[in-house]
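# Observations on the three-dimensional arrangement
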Amino acid sequence: MKELKHIFSFPFRKKLNGEYLISLGVSVAAALLVGALIMALCGHHPLEGYGAMFRGALSSPRALGDTLAKSATLCLTGLAMAVAAQAGIFNVGGEGQLYLGAMASAIVGGYLTDWPAWLVVPLALLAAMAAGGLYALLPAWLKVRLKVNEVITTIMLNSAAIYFCKYLINGPLKTTERGISAGTVKIGADFAFAKVVRLSNLTTSIFLSAAIALGIWYLMKRTSAGYEMKMTGQNQRFASYMGMKSGKLMLMGMLISGAVCGLVGMFEVFGIHKRFVEAVSNEFYYDGMLVAMIMRYDPVGIILMSLFFGVLKIGATGMEQIGIPSEIVLIVQSIIIFFMAAESGITAAVKARAVRTRARRAAQRAGKEAGA
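The rules behind the values
- The residue numbers shown here count from 1 along each chain, following its written sequence.
- Confidence filtering applies because this is a predicted model: local features only for residues at pLDDT of at least 70, side-chain atom pairs given and counted only at 80 or more, and all residues used for totals across whole chains, interfaces and linings.
- With hydrogens and water set aside, each side-chain value is computed from the structure's full complement of heavy atoms.
- Helix and strand definitions follow DSSP, with helices as H or I runs of at least four residues and strands as E runs of at least two, each counted in order from the N terminus.
- Only the protein chains shown count as cover for residues, and all accessible areas are computed by the Shrake-Rupley method using a 1.4 Å probe.
- We score Asp and Glu as negative and Lys and Arg as positive, and we do not count His or the chain ends.
- For charged residues, the charge sits on one atom: NZ in Lys, CZ in Arg, CG in Asp, CD in Glu.
- Each aromatic pair joins two rings of Phe, Tyr and Trp (for Trp, the six-membered one) with centres within 6.5 Å, and gets the label stacked for planes under 30 degrees apart, edge-to-face for over 60, and tilted for any other angle.
- When accessible area is computed with a 1.4 Å probe and restricted to protein chains, residues below 20% of their type maximum are described as buried, those above 50% as exposed, and intermediate ones as partly exposed.
- Surface patches are drawn from residues lacking salt bridges whose relative accessible area is over 30%; two like charges belong together within 9 Å, two nonpolar side chains (Val, Leu, Ile, Met, Phe, Trp, Tyr) within 5 Å.
- Any carboxyl oxygen of Asp or Glu within 4 Å of a side-chain nitrogen of Lys or Arg constitutes a salt bridge here.
- Cysteine sulfur atoms are paired as a disulfide whenever they come within 2.5 Å of each other.
- Contacts described as polar in this section are N or O atom pairs within 3.5 Å, which, within protein, must combine one atom able to donate a hydrogen with one able to accept it, while residues neighboring in sequence count only if both atoms come from side chains.
- Buried Ala, Val, Leu, Ile, Met, Phe, Trp, Tyr and Cys residues that are joined via side-chain atoms within 4.5 Å together make up what is termed a nonpolar core.
- The contact criterion used throughout is that any non-hydrogen atoms of two residues lie within 4.5 Å.
- To estimate how far a helix should reach, multiply one less than its number of residues by 1.5 Å.
- pLDDT: the predictor's confidence for each residue, scored from 0 to 100.
- Simply put, an axis is a line fit to the C-alpha atoms, just over the touching stretch for a helix, and the angle between two N-to-C directions goes from 0 to 180 degrees.
- Any angle between 65 and 115 degrees counts as roughly perpendicular, while under 35 counts as roughly parallel, over 145 as roughly antiparallel, and the rest as oblique.
- Charged means Asp, Glu, Lys or Arg here, nonpolar means Ala, Val, Leu, Ile, Met, Phe, Trp, Tyr, Cys or Pro, and polar covers whatever is left, Gly included.

## Observations regarding the overall build of the protein chain
The helix and strand tally for the protein chain stands at 15 helices and zero strands. Principal-axis analysis of the C-alpha atoms gives the protein chain an extent of 100 × 60 × 35 Å. For the protein chain, the exposed surface amounts to about 18300 Å²; the carbon and sulfur share of it is 65%. In the protein chain, the 35 positive side-chain charges and the 19 negative ones have mean positions that sit 10 Å from each other.

Written as structure tokens, this is what we have:
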């Protein structure tokens, strides 16, 4: 369990400083270089491959809309991870919370079709937040009260939530509509988020996503509660000694994290699928979690890295159109993560070697001066 905790906590105690950003830039460049080498070995021109990737992500309004939609999802899930981590508790169960939020909103939108949209949509938002937040509180309570490792419990609760939702859409809540093998009834036509860019996945939920991101940034960086959560995450014993209610802060961080995950599920239902379906999430939370870890849980860094990963993921379709497998993008992502995970050790080794080199040169100069 200690090893798992270390995996999720390694970057949090260090700041997102200039040295780290340089390391991140080098890691991205190295990952892109490795991807280029793989493309060359497979008989593809690297510049054509990366050109197709950027065209696939940015060359048309539809592509740009899909990229922004994917980036928003990554951003919210990354911030959900970050707000809990700042309080010293690691929410690895965001995928299950997303599923429950999506299911709760689908039930509200699918069974209250006679109600006005101005009432149903806020109710669906609240239902999604409640489902995700309350489900996240369970492992948080076990952590605070019984010292149960939250990494283990959240991972296990993921499966429970996902399989429960699959049972519902294949059983008591399964729609009788033709052509839908597994899913709930369709939400009311007036409830869906409108498209911002035609034929893309970008809907008006992007404005809510931006407001949520701004709110989490403000909470983490500009409020006393955010400062107390940070102190709790860095040193819980010290925070308790200073009179901070670390247990409540951890519960609050997990509640907010789960609520944001539930909202992501609601945005998928009301923006894209118009019902709950089994593919409501393609491991969105795990991608956002990696973004948060790479950027050391810094909210501004998460927003920027989400845009980069959004370009990679949507641009992969452009690479496929010219015959380059999209797995190249997965390789690039994996290499970035690998280098950033090893960044502290690599940096320490380089610094130690530089110190030894300077000491050896100083000793040589001193010996030459003594001999003279």
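Read on for the rest.
## What about the packing of aromatic side chains?
In total, this model carries five aromatic pairs according to the counting rule given. Considering the side-chain rings of F193 and F267, the 5.9 Å spacing of their centres and the 75° angle between planes classify their relative orientation as edge-to-face. With F193 in the loop between α7 (150-170) and α8 (205-222) and F267 in helix α11 (residues 246-273), the pair connects residues that are 74 residues apart, well separated along the chain. Of the residues examined, F267 reaches a relative accessible area of 7% and is grouped as buried.

## Side note on a positive patch on the surface
A surface patch of like charges, here positive, comprises R353, R356, R360, R361 and R365. Considering the arrangement of structural elements, one finds R360 in helix α15 (residues 343-371).

## Regarding the state of the cysteines
The full count for this structure, using the stated rule, is zero disulfides. With no disulfide of its own, C165 lies closest to C261 among cysteine sulfurs, the gap being 13 Å. A relative accessible area of 0% places C261 in the buried class.

## Here we look at the side chain of E150
As for its placement among the helices and strands, E150 is situated in helix α7. Within the local environment of E150, its side chain forms a polar contact with the backbone nitrogen of F90, the two atoms lying 3.1 Å apart.

## Brief notes about the nonpolar core
Judged by nonpolar contacts, the single largest core of 86 residues is most densely connected at M266, F267, F270, F276, I294 and Y297. When near neighbours in sequence (up to four residues on either side) are disregarded, F276 contacts Y99, A102, M103, A106, C165, I169, G183, T184 and V269. Residues A84, I89, A140 and V144 belong to the second largest nonpolar core, which totals seven residues.

## Some words on helix α3 (residues 46-58)
The terminal C-alpha atoms of α3, which comprises 13 residues, lie 18 Å apart, in line with the 18 Å expected from a rise of 1.5 Å per residue. Within α3, the full set of buried residues consists of G49, Y50, G51, A52, M53, G56 and A57.

## A word on a nonpolar patch on the surface
There is a patch of nonpolar side chains on the surface, built from F54, L58, L64, L68, V300, I303, L304 and L307 and spanning about 650 Å² of accessible area. Listed by contribution, the elements that provide at least two residues to the nonpolar patch are α3, α4 (61-86) and α13 (299-321). Considering every element that reaches the nonpolar patch, the biggest residue donor is α13, with four residues. V300 sits in the partly exposed class, given a relative accessible area of 41%.

## Details of the confidence of the model for the protein chain
Scored by pLDDT, the protein chain comes out at a mean of 88, with 92% of its residues at no less than 70. In the predicted structure, residues 1-13 sits below a pLDDT of 50 and forms 32 contacts with residues beyond four places in sequence or in another chain.

## Concerning the environment of S306
Within the secondary structure, S306 sits in helix α13. What makes S306 buried here is its relative accessible area of 0%. For the pair S306 and G271, spaced 35 residues apart in sequence, the C-alpha separation works out to 19 Å. The contacts of S306, once residues within four sequence positions are left out, are S71, L74, C75 and V291.

## Quick word on the environment of A182
Residue position: A182 is located in the loop between α7 and α8. Residue class for A182 comes out buried when judged on its relative accessible area of 12%. Linking A182 and G88, residues 94 residues apart in sequence, is a C-alpha distance of 38 Å. With residues near it in sequence (within four places) discarded, A182 still touches I169, N170, V277 and E278.

## Side note on the pattern of salt bridges
Following the criterion strictly, the structure yields five salt bridges and no others. With a shortest N-O distance of 3.5 Å, K143 and E150 are connected by a salt bridge. Assigned by exposure class, K143 and E150 land together as buried. The salt bridge involving K221 is made with D298; its shortest N-O contact spans 3.4 Å. Note that K221 is positioned in helix α8 and D298 in the loop between α12 (284-294) and α13, a separation of 77 residues in sequence. Here K221 falls in the partly exposed class, since its relative accessible area comes to 38%.

## Some points on the packing of α8 against α11
Viewed as axis vectors pointing N to C, α8 and α11 meet at an angle of 170°, and their least axial separation amounts to 11 Å. Regarding the angle of α8 to α11, the classification is roughly antiparallel. Within the contact between the two elements, α8 uses S205, L208, S209, I212, I216 and L219 and α11 uses I256, V260, L263 and F267. In terms of residue class, the contact of α8 with α11 is made up of eight nonpolar, two polar and no charged.

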